[in-house]
Each structure stands twice: as structure tokens, then as C-alpha cells.
Amino acid sequence: MEGKDLEFAVNGERFKVNSVDPSTTLLDFLRLNTPFKSVKLGCGEGGCGACLVMLSKYDPESDQVKEHSINSCLTLLCSVNGCSITTSEGLGNTKKGFHPIHSRFAGFHASQCGFCTPGMCISLYSALSNSSGGGLTVSEAEKSIAGNLCRCTGYRPIVDACKSFAADVDIEDLGLNSFWKKGDSKEAMLKSLPPYNPKEHLVTTFPEFLKNVHNGLGYRWTTPCSVTELRTIMESANAGDSLKLVVGNTGTGYYKDDEGRFDRYVDISRVPEMLTIKRDENGIEIGASVTISNVIDALKESNFKKMAAHMEKIGNRSIRNSASIGGNLVMAQSRKFPSDIATLLLAADASVHVLNGGKIEKAKLHEFLDSPPMVDSRRVLLKVEIPAWTDDAELLFETYRAAPRSIGNALPYVSAAFFARVSHQMVDECLLAFGSYGGDRSIRATEVERFLTGKSLSYRVLHEAMGLLRGIIAPGKDTSHPEYRKALAVGFLFEFFYPLIDNNGRSNGHVDPTESLLPFLSSSQQVVESDEFHFQPVGEAVVKVGAALQASGEAVFVDDIPTLPDCLHGAFIYSTEPLAKIKSISFSGNLTPTGVFAVLTFKDVPIQGQNIGSKTVFGPGPLFADELTRCAGQRIALVVADTQKHADRAAKLAVVEYDTNNLEEPILTVEDAVKRSSFFDVHPMFYPEPVGDVLEGMQEADRKILLAEFRLGSQYFFYMEPQTALALPDEDNCVKVFSSSQAPEYVHSVIATCLGIPEHNVRVITRRVGGGFGGKAIKSMPVATACALAAHKLHRPVKIYLNRKTDMIMAGGRHPMKVTYNVGFGSDGKVTALELTMLIDAGTEPDVSPILPRNIMGPLRKYDWGALSFDVKVCKTNLPSRTAMRAPGEVQGSYIAEAIIENVASSLQMEADEVRKINLHSYDSLRKFYKHISGEAEDYTLPLLWDKLEISSEFEKRGEMVKEFNMRNVWRKRGISRVPIVHQVMQRPTPGRVSILGDGSVVVEVGGIEIGQGLWTKVKQMVAYGLGLTKCTGSDELIERIRVVQADTLGLIQGGFTAGSTTSENSCEAVRLCCVTLVERLKPTMDQMMEKSGSVTWYMLIQQAYAQSVNLSASALFTPEFSSMEYLNYGVGVSEVEVDIITGKTEILRSDIIYDCGKSLNPAVDLGQVEGAFVQGIGFFMMEEYTTDEKGLVVQQGTWDYKIPTVDTIPKQFYVEIVNTGHHKNRVLSSKASGEPPLLLAASVHCATRSAISEARKQSLSWNCNDGNRDVSGTDFELPVPATMPVVKGLCGLYSVEKYLEGKICGK
Ligand SMILES: Cc1cc2nc3c(=O)[nH]c(=O)nc-3n(C[C@H](O)[C@H](O)[C@H](O)COP(=O)(O)OP(=O)(O)OC[C@H]3O[C@@H](n4cnc5c(N)ncnc54)[C@H](O)[C@@H]3O)c2cc1C
Ligand code: FES
Ligand code: FES
């Protein structure tokens, strides 16, 4: 911007900016030009909430400051002129003291990796500051974080932290925390919470100097203050200039290509006429620049409350705070945006006023939507008018919306709004609007309206109307799930009109008479069975190291490391072809884009090095495609530019020419791989042995299911911090790399091999990782290596911060697979033999895929199959290489077992739970299947957990209640399911070092990486315990003196992988060994001092030891005993769900989990792992579609189409118990792992859903009329993974409402 300075404040500090590219976002500015790094870039599209800040605006007329949260990744810097910004570190920090929000997040164990936490804190702060006089209610507190993504915690502890601020909270309902002890009185509990006083803690600064800042007027950014001024600007703009009107700029979250495309920006968010809301007897007029949040408030105060309620489901609160109603409508009008608002306003018969040149034109909304696109046309939408409704009983207005997450930031599959005037079942008038179904815009179903008007409603009339509607709803050819969307539209029409028929002309718009659903986390409980523990502070629920620091945003991730002025930035160009020769790489128009420095390919790898980007024991993977690309998504080149934005833009502009002549067809399915015998070798070590004689087992069977087949999909990690690395070239051919990696040792080795330099020339540093889940193990290596290569070659620091789209395209994710099986069983449900064939899609590189057969077959053996044989092929395809994602292979193996059990039960018409029970292992059969890994008989705690959960979850009683519910309700069906897990893990060699400094403080290094799983916390506890054995006076305070520091691959070698659930315990054992050495070394000094004075403090002891030159640094490499390095983990989960047959939506009403952690090293950390893993499992089983197109390119490329669970999709009642089982003598202080196994328990949700669908299908059969079996039939079906809404609806019946009416018509 040129002209006047831009002036604003961040955390009270004044910023004046003289010249800025108007496409600069607030996030860019904050991260690059201020020390405030709490604003994180998670998606850049408004979909995650990691970038939230508070915006305070001064209104001179009322002399008041208004504030709310906004997404800094979408807000343009110029639009905050005169505003004050507060980030999470502005609320509180290490220096000025943490805000109670930060302290409570820490104390409720609500931060794991910490990447989402500052954004969560801002969301809560915003809700608190906007709450009315009575303060926040529990329900508002829960909703405050709706739409914010967290991939680690499973949300429950975050909700507790939020609820602790609610005025109506029952403090006893809040979960495990560090503030109070079991048995404390309510009063004591309240007192122990970090105090919160709105007067003191809800004060964001609004500096005086900002009150006089006037709207800036520059050449490229102008802020008109009246419609007249706006008109002048529009008229005076050069005809050739591209001009953009801006309000909240949230549209760029969806239309990312808009970024940087315009010559001029006109900020219409401060035009008073466009900000007014006027209500009178004719209706309501809303200025186009009014934010959706303000529209909602205005509608709530009128009789448009249902519209307001619907609008509360748009985006999330921070989006609605800046998104304008006009921006939404213009996006719908000009760019086919699937707008809810257009649908609502069509049904309300709204009109708009448009400034067109010198004239103001009024048009009905549908005319406006049909007019030529207004973006780039210099027309301006000024206001919207909704006519008033008379308040009479005959008037009906309802809105509908089916979205993957009901209020968690998700566009709907279909939205609908219906207005009708009905007297005695006679439709006098109706307006039926539908949107988001994949048509060009929201429409009115006028043909249906005409058909219904003047008719008396009956089953036949409604049936006919629905038939007409099916013909009208025509999703475009690229729309996903077109038939589902049609079925939804029809379902909504049915929901609206049907009750009028059966209810004599009255309706509340819903078809089932059941109680309304619970709010989203209505209750939860965490039980930690405690036992006397002798290793204090090990075993205590110590708060996670650095949790408050993470909440305030001061915790430093790789991208937060201040960059040097000469730092360059890289972005990958990836292939869009699965198998092709690369002929050339250039840029669009043959112009080198702004800022580009270099484009590196495999040819830039030093002559002495190798084109290697990753390695595992199964072989290396290339850094870049050489002459041939082997999958869509493969790295072809790295563009290096002066800024990350320029690098990303340049990578987008890259044009790659391919040649597929004389090449074989790519292998894009596992079936192709079989045909072409394209497999990766699997070493016998990773290929378990069969059990028993399957032929014999099959002969014993009374019944068999043969050649049953199903498939399992992939899953993307969705770590909140994308892949990132920073490389700094150093003297003498050395390079230092900061990498967000779960395997720095391997990153190190790959870099050295790629550059052709000795390993001692490389140093890799990892402090913390913003979520990994396996995705930052192998897949972090090429990112760090490319960075190192660029830094080495260009002699400049180079950083790569992958944008979410590239990350999703290159990540590979979990292994999809096809499973075929034969199973034999007795008529009592006892399985006698199981024979499996599995085709695993491993993608193009081996990665760690050859371990999959072993990983799958581990948990799959949880049942006594009698005899078990299998043929597992790891297929090499031309798809992105798949890698280990949390519980890799294990979650599939465990699920496969359940799918088989379900199928057996269904074929015998038995309860699946009965079949499970009868096939659970005895200890003898466990030994037969797991051999020595089973451990001792008393270690086999699964039967105990199974029974215990039966009681605590009231499994039987609830099973009966589910049956009763299903009998009473037509359109909602419930299912309940109990699932056991047996999960094998393996300990691995891990190093550690403990050093005691002169002041008695202790510094600890471990091989394991802190990825949010609480490794540092457990390690710290272990060191405190280990050094506490010196028995110094006050040694119980030792924990305060210990700091675990970042991994440095030259400081501590052989760090290995942080994976497989055991790294925390391995690291703990390594430091325990170090402590044993140190205590031994200190003993003589201690004894001497004790003899002299009778008591010794830690400080005195260390002073003396230094004086005596005792070696106070000890290191150890923990190497587990071969015979006991593998062990089994057990857990059981019960889930109850409710399926809406009309929409296919599944709500998880309740989940109960019981998990055996041995003697937990830290119950708070382990509970966090259990809950977080379970919710990630819900994502895998129920929500997350991660698919590839016909060329193998990943389809889902961001938060718009990849939906991980949000707070509204977790179980409404969530009960978790970790049991404290006996002494596990071969384990680290008797503890057991918790990181991955609980993910497997989420299969209980899937199985419960299957059971509910089964009920729906049985019911549907009973409606069959003469036309036979249209749509669904029978209870024999496979429920795919993930069981998304379209999948569930498809199985419940895409024509269920029609069938139901047909049944009524034919008298059923
Ligand atoms: C994460 C996210 C989730 C969302 N979820 C939903 C949802 O569930 N349902 C839904 O309906 N919408 C949803 N939206 C869309 C959201 O409502 C729109 O992005 C928003 O309303 C646009 O308003 P804005 O002020 O930010 O517009 P801007 O981004 O500033 O502008 C959008 C476009 O409209 C033009 N424009 C703006 N105002 C005018 C005007 N008065 N006259 C002429 N042209 C104008 C601009 O030039 C630009 O081309 C979501 C958006 C995001 C980012
Ligand atoms: S980074 Fe802004 S919402 Fe994700
Ligand atoms: S703690 Fe929320 S994403 Fe890691």
C-alpha cells in the first residue's frame, strides 16, 4: 500500500507500515515481522483455527471497543488499519504471567503437541469476552471451540478447560486435572482453579494512539467511507485494472487462486450504509458488509430465529465474525459457491439492492443469482431485504442441513429451507429452496411448489412431489455422491411435509417423536485405578512439560525459529502423472516467477552424493524423480525463492511436460499389481507363521462363509504442523538442519548420503514436533534433505514449510487394502478356521510397508480362530508410497477380525457380542497364537477387562434399551457394540544421557522425540525418581530442576525412530540407567557428607561432587532383552451410536473404554493418549476419506474436503478407565504402552453403526410393496471404512422415504 501509513497494534505494541503488498495477510505479517509466533499456519484456508487472533476495533460513535476472534490467515493486513490485535502470548506469557486460560489448559492436560493450543485459547477468550452479563454457559463454552481442529487430544480435556470458565458448570463434572485431588470438596476444587476475574482477565489492550487513526487511502488499497465515495472509486478506476472488493476476505479460503491476482483492493467493510441493519413492519434490511455473526444476532431478535440457528452452522465463529453476508452471496452468484445463505434467503423470498454504475437496482434473489457474474464487473451488492412474515399458526418455516460435521466447520452435502402456508393439510403456498447439492447455485424447486400448491397433503401427493424433486436435483458431473445428495433433498422434503399428514396439519419439521439429542460432550469421566506406587514422582499425573508455554504460543516449533535475512524458501513441484518420462520443467508463460532463485532437480545432487530422500531397513527412496516419475505426487523439483509465498506461487506456475510413449501402463490398483506380479519382498521375520491346520479346521466347521471380500481405505495424518525443515550451511562443508521429525537419526544419515559428505558434517536438531502420528518419520526425511541440498548448493539458509495441499498430496498415509477370506464356524458361533488373502497397496517405494504383514496379523489374532492361515502380498503400485500411520496395519488387522466376527454373527443371526465372547482366547489359546509374547498367565488381563466393562458400561441393560428405542423409532436406529483389542508392541534400543550442572540443575537428552505424546514429561519424572534415590533432603523437589532438551544427532547418537508406542518407556529406561550410574558415582560423596552432617541437600551434594571431580554426566543405551522385548496390550471399548436414516448421520452417543496401562508412568499422559488415539480412530472408521483419482493423485487436498473429527463428532458421553494391573516384571517400572493400541478400539463405533444400519435394513424390508426390492435388502452387507454419511445412507436406503410412503400407500 502506498499513501498513508498503515497503523495498528499487536499486543499493545505500535506497528506502522509504510509499504505493503495488499495481498499480505495478517498471519504473514505477524509471523514474519513480529516476535509473536503463537499464530500458527495450519491450513491457510480458515479450516483449522490455528491462526486465530483477537481483533479489537474502536467505534468512535459509541466510544466503545468491540472485539472478536478472526482467522489471521485470511484477514488482509491492510484491513486491520486502526485496529488492535491480541495473540495468545498477548493474553499472558512467561514474563508477565500466564493467563488463567493458559494455566487451565495446562492443568486440564488439554495440550499435547501444542500446535493447536494458542488458537484454542483465543477461541475460548473470544467466547468469554463476548458472553453476556451472566457469563458463559457450559453449552457456549463447549461451542467456543467448535470448528477448531486438534489432532492429538480428542477434545475432551479441551472441553473441560473451557467448561471450567462456565458460570453454570458443576465443577464435579470436570475431568482429570492437576488442580484438585479426588475427594476434595467442591469449595476446595473451585479454590484450586487458577483464578479468573473478567474485570482483570478480559482486558485486551486498545491503545489510545489508535483511536485517531483514520482510514488509509493508498493507491492499491482504498477504504471508502460512503457509498458515494465507493461509487467515485469504482468509476475512476482504470478500465484495465483488476479490482477486488474486500470485506472479510474469507472467500480466499475457498478460492485460493485469488491471492495476489489484483491491481487494486477496495475495502468495503467500513461503508456505513453497507453496515446498517434496519427492522420495520415490512421486514428486515441488512447491509451487504454486515458480518454473519451480526446478521445472526439481528435475526435472533426477530421472527427469523430458525434462519439464525441455521447460520450458526456456517463455518465457525471466527469465520462468521469477519465473513459478510454480501461476500457470501456474491461468491454464490459469481462463482457457484455452495452457499447456505442463498438457500435460506431464497426460501424467505429475499431481494437485493445492487449498485450498478450510477444506479441502484433492486432484484429478487433468484434473479440476482441468475444474472451475469458480478465479481470483476464493478457492480456492488449494497443490501439484502427479507420481507416480514405474519406470525400465524399456518405459517411454517424450517431449514435443513446435512454436513460431515454438524457445527464443526463443514460445507453441507445439501442445504434446504422451506416456507409454507398450510391450512388443514391444504398447501396454500410454498417456497422450497435447495442448495449445495452440486448444482450451479441454490434453486427454488418451482415445479414441486406449483404441484403442491392448492393440494391437500396425502401419502400419494407427497410421494409424487418427491418424485418430481428427484428429477430437479441434478448434481454436476464432478459432484461427489450425487445419488446421496438427491436422496437428502427428497428426505428433507419428506421431513417437512410428512408430519403434516400424520399430525393433522401440524409440524415441527421432524419425523421422529424421540427425545432431542444431547449436546456434544454432555458428560465424561476418567477413572485411574490407583495402587500404591513406589517410584514417585513416576506414576503421578504430572502436568505435561511446557503445556502453558504451548498455550501461550511461546513454545518454539521449527517454523518459529527466527529466520536469517538471507534465508531462502523452498516448495516442491510434484508430478501429476503416475508413470511418465519428464521431458521438461518450465514456468507458465516461460517467465520466471517473482522471487525465484533456483529450481533444483535430481541433477543438482552433488556428484559424490546420491539422489536419496529417505531410507529404511527395506531400502532407500529417491529425493526427486529422475527421468521417470513413478507416481502422481512424486517430487520432481524444488523451487527455491526469496519467500515461502513466492516459492509456493512459483511451484503452482510450474509446467511439467511428460511423455508416456513406450511406457507400460501404470499400476494403479492392487489387482493390477497381482496381474503384473508387482510386489515388495517381505522378509520371513515380518511374516508370522500360520497357526494350526486350516483344512482340518474347515472340515470341523458346521457353516462356512467363502470368498467374502472387503476393502479398507487410507487415512491422512493431519498433523497440525505441516512438514517443515530449516537448513543452515556451515563451515567446512557442514550443514545444520532443524527438522520436525520423528526420526532425526535417519534424517541425518539420508542428508549425509545425499550430499556425499561424512555423517559428522551433518547435525539434525529436533525440539518438538507439532503432531506426527507416523507421518513425520519417513516422510520428514525428503523435506529436510531437500532443504539441506538447497542450503548446501546455494550457500544460504533454506526453509521449507509445506502448504497443506502439497503435504496431503505427498504424504501417502495409511495403507489401503483388499481382504478376501474364508471362515468356517460351528452353529454356536465358534470359529474353527480362518483363511485370509490380503493385498496391501504400498505405493511406489518400500518405505516400511514390508512390516505390514506382521503388524496386521498381530491384533488379528486376538480371537481364537481355531486355525489360521494367510497370504499377504505387499503390492508395489504407481501410487504415493504409504507409510506407518499410528497403529499401522494393527488397526486394519484388528478391524478385519471384527468384520469377520460380525459376518459370522449375521449369518447365524446371533448377537455379534455372543460370537465375540465365544471366540475370546483362553490363556492356552493365546499362547498358541502369540507364543512367548503372551507373557505369563496373569499378564493376560483381557477377560478381566471384558467383564469389568460389561458392568461399568451397563452393557446388557443398554442393549435392551437400544432394542426398545429401535422399536419405537422409525427414522433413527441405534446400535451398541463391544470390541476387545490385543495389540503387540516391541521395545527398541534407545539412548539417554543425564548431566548434572554446577547449580544442581539437570539436563537430560533422550533418543525419543516429544511429538505431543508426553515423552519429555515421563522422562522428567523418571529422572526425578532416579536421582531421588540419592535420598538427599528435599529430593522430592528435584523434578523442578530437570530440563529435557532438544534432540541433537551429534550430541546423542543412535536416537532411532520415535514410533511403535514404546519410545517413552524406552527413553525412560535409558535415563533410569543413567541415574543408576550417577547415584552410584555420588554415593561415596553422599556417604562422607552424611557421616559429617547427618543430612545433605541436593545442592550441597552436587557442590561437593564437583569439588571432588565426580563425573556427573552419564549416558546409556537401553537395549531390551530379546526374550521379553515384545509384549501384548489389552483394552475393551463399548460404543453406542444413533444413525439418522434420512441423512446417514451417525452420532456417537456414548463410548466406554477400559485400557490396561500396567502401572501407568503418568496417568494424565496415558489418558490423553487413550482418548486422542480413540478419536483419531473415529476419524479413520467414520469420517476421513483419503482417496486418489484415476491417475493416482490424491483427491482430498485441504480442510474443505478432508474432515477429521471436531468437538461435535466425539462421543457425547465419554468414559475412560485405565486399570492398574499387577506387576509386569519385564516392563519399565511395570508400565505398558498407550500411544497406539487405543486407536483400535474405535472399531466399536463402526461395529455399532453396522448394527444400527442392520436394524434400518430390517425395517426397510417390512415396507416392501409389490415393486419388490428396490434399494436395500437384507442384513448381509459390508460396511466400508470409513462409514461416512453417504455410505451409511446408501446402506440404509437411498429411497427409504419413498419406500416408506409406498408401504403406507399399499397399506403396510
Ligand atoms: C472456513 C470457511 C467455512 C465456510 N463455511 C460456509 C458454510 O458452511 N456455508 C456457507 O454458506 N458459507 C460458508 N463459508 C463462506 C463464507 O460465508 C464466505 O466466505 C463469506 O461470507 C464471504 O464474505 P467476506 O466478507 O469474507 O467476503 P470476501 O472474501 O471479502 O469477498 C468474497 C467475494 O465477494 C466479493 N464481494 C464481497 N462483498 C461484495 C459486495 N458487497 N459487492 C460485490 N462484491 C462483493 C469480493 O470481491 C470477493 O470476490 C465459509 C467460509 C470459510 C472460509
Ligand atoms: S491456518 Fe488459519 S484457519 Fe488454518
Ligand atoms: S495438541 Fe491439538 S493438535 Fe496437537
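Computed from a prediction, not measured in an experiment: that's the story for all the values here.

### A short note on the UniProt feature "binding site: substrate" (unreviewed entry) in the protein chain
Under the UniProt annotation, "binding site: substrate" (unreviewed entry) lies at Arg854. On the basis of relative accessibility, which here comes to 19%, the residue Arg854 falls in the buried class.

### Quick notes on the UniProt feature "binding site: [2Fe-2S] cluster 1" (unreviewed entry) in the protein chain
Here the UniProt-annotated "binding site: [2Fe-2S] cluster 1" (unreviewed entry) positions come out as Cys43, Cys48, Cys51 and Cys73. A compact arrangement is adopted by the annotated residues: their sequence extent is 31 residues, whereas the largest C-alpha distance between any two is 10.3 Å. Here Cys43 lies in the loop between helix H1 (26–33) and strand S3 (52–59). Other than its neighbours up to four places away in sequence, Cys43 contacts Cys48, Arg804 and Thr1199. Tracing the backbone shows Cys48 in the loop between H1 and S3. Among the residues examined, Cys48 registers a relative accessible area of 2% and is labelled buried.

### Let's talk about the pairing of strand S40 (residues 1113–1118)
Where burial is concerned, the two faces of S40 differ: the one with Ala1114, Ala1116 and Phe1118 is buried and the one with Ser1113, Ser1115 and Leu1117 is not. With six bridges joining them, strand S36 (residues 990–996) and S40 adopt antiparallel strand pairing. Looking at the pairing, Thr990 lines up with Phe1118 of S40.

### As for the site of ligand 1
Around ligand 1, 38 residues are found, and the nearest of them are Leu245, Thr250, Gly251, Ser324 and Asp340. Contacts to ligand 1 include Gly248, whose backbone N or O atom sits 2.9 Å from an oxygen atom. Between ligand 1 and Asp340 there is a distance of 2.7 Å, counted from a nitrogen atom to a side-chain nitrogen or oxygen. Burial of ligand 1 by the protein chains amounts to 98% of its free accessible area of 960 Å². Elements that contribute at least two residues to the shell around ligand 1 include exactly strand S7 (243–246), helix H13 (317–322), helix H14 (325–335), helix H15 (340–347) and strand S13 (379–387). Ranked by residues supplied to the shell around ligand 1, first place goes to H14 with four residues. Here the residues of the shell around ligand 1 sort into 21 nonpolar, twelve polar and five charged.

### What to know about helix H27 (residues 852–860)
With nine of its nine residues buried, H27 lies for the most part within the structure. Looking at H27, one finds that the buried residues are Leu852, Pro853, Arg854, Asn855, Ile856, Met857, Gly858, Pro859 and Leu860.

### Concerning the sheet that holds strand S38 (residues 1042–1044)
Ordered by their spatial adjacency, four strands build an open sheet running S38-S37-S36-S40, and the pairing between neighbours is mixed. Each having just a single partner strand, S38 and S40 make up the two edges of the open sheet. Going from strand to strand, the sheet's axes swing by 15 degrees on average, the running direction of each strand aside.

### Quick word on helix H18 (residues 459–472)
Given a rise of 1.5 Å per residue, 14 residues ought to cover 20 Å, and the 20 Å separating the end C-alpha atoms of H18 matches this to within 8%. The complete set of buried residues in H18 reads Val461, Leu462, Ala465, Met466, Leu469 and Arg470. Looking at the buried side of H18, the elements it contacts are strand S16 (426–435), helix H17 (446–452), helix H19 (482–502) and helix H40 (1296–1305).

### Here's the deal with the environment of Val427
Secondary-structure assignment places Val427 in strand S16. A relative accessible area of 0% places Val427 in the buried class. If near-sequence neighbours (up to four positions away) are discounted, Val427 is found in contact with Arg421, Val422, Leu452, Thr453, Gly454, Lys455, Leu457 and Phe497.

### Quick word on the nonpolar core
Core analysis: the biggest nonpolar cluster contains 253 residues, and Phe434, Leu452, Phe497, Leu836, Leu860, Trp865 and Ile896 have the highest contact counts within it. The dominant element in this core, judged by the number of residues it contributes, is H19, at twelve residues. Excluding residues that lie within four positions of it along the chain, Phe434 makes contacts with Thr343, Ser415, Ala416, Phe418, Ser442, Ile443, Ala445, Leu469, Ile473, Ala489 and Leu493. Listed in part, the 62 residues of the second largest apolar core include Ala298, Leu299, Leu345 and Ala350.

### What to know about the pattern of salt bridges
Scanning the entire structure with this criterion turns up 66 salt bridges. Of the charged contacts, one joins Lys776 and Glu721 as a salt bridge, the two residues approaching to 3.0 Å between their closest N and O atoms. Of this pair, Lys776 sits in the loop between strand S30 (762–766) and helix H25 (780–794) while Glu721 sits in the loop between strand S27 (703–712) and strand S28 (724–730), and the two are 55 residues apart along the sequence. For the pair formed by Lys776 and Glu721, the shared burial category is buried. Where salt bridges share partners, they join Arg31, Lys40, Asp559, Asp560 and Lys799 into one cluster.

### Remarks on the packing of H14 against H15
With their axes 8 Å apart at the nearest point, H14 and H15 run at an angle of 95 degrees to one another. In terms of orientation, H14 lies roughly perpendicular with respect to H15. Facing H14, whose interface residues are Ile325, Asn328, Leu329 and Ala332, H15 presents Ile341, Ala342 and Leu345. A breakdown of the residues in the contact of H14 with H15 according to their chemical character gives six nonpolar, one polar and no charged.

Rules and cut-offs
- Residues numbered from 1 in each chain as written.
- Chains lettered and ligands numbered in written order.
- Predicted model: local features only at pLDDT ≥ 70, side-chain atom pairs only at ≥ 80, totals over all residues.
- Heavy atoms only, no water.
- UniProt positions renumbered as here; feature names shortened; annotations may be inferred.
- Buried < 20%, exposed > 50% of the residue type's maximum accessible area, 1.4 Å probe, protein only.
- Helix = DSSP H or I, 4+ residues; strand = E, 2+ residues; numbered from the N terminus.
- Contact = heavy atoms within 4.5 Å.
- Pairing = 2+ DSSP bridges.
- Near = heavy atom within 4 Å.
- Polar contact = N/O pair within 3.5 Å; in protein donor to acceptor, adjacent residues only side chain to side chain.
- Areas by Shrake-Rupley, 256 points an atom, 1.4 Å probe, with all protein chains shown as cover.
- Nonpolar A, V, L, I, M, F, W, Y, C, P; charged D, E, K, R; others polar.
- Axes fitted to C-alpha atoms, helices over the stretch in contact; angles between N-to-C directions.
- Expected span 1.5 Å × (residues − 1).
- Core = buried A, V, L, I, M, F, W, Y, C linked by side-chain atoms within 4.5 Å.
- Salt bridge = Lys/Arg side-chain N within 4 Å of Asp/Glu carboxyl O.
- Parallel < 35°, antiparallel > 145°, perpendicular 65-115°, else oblique.

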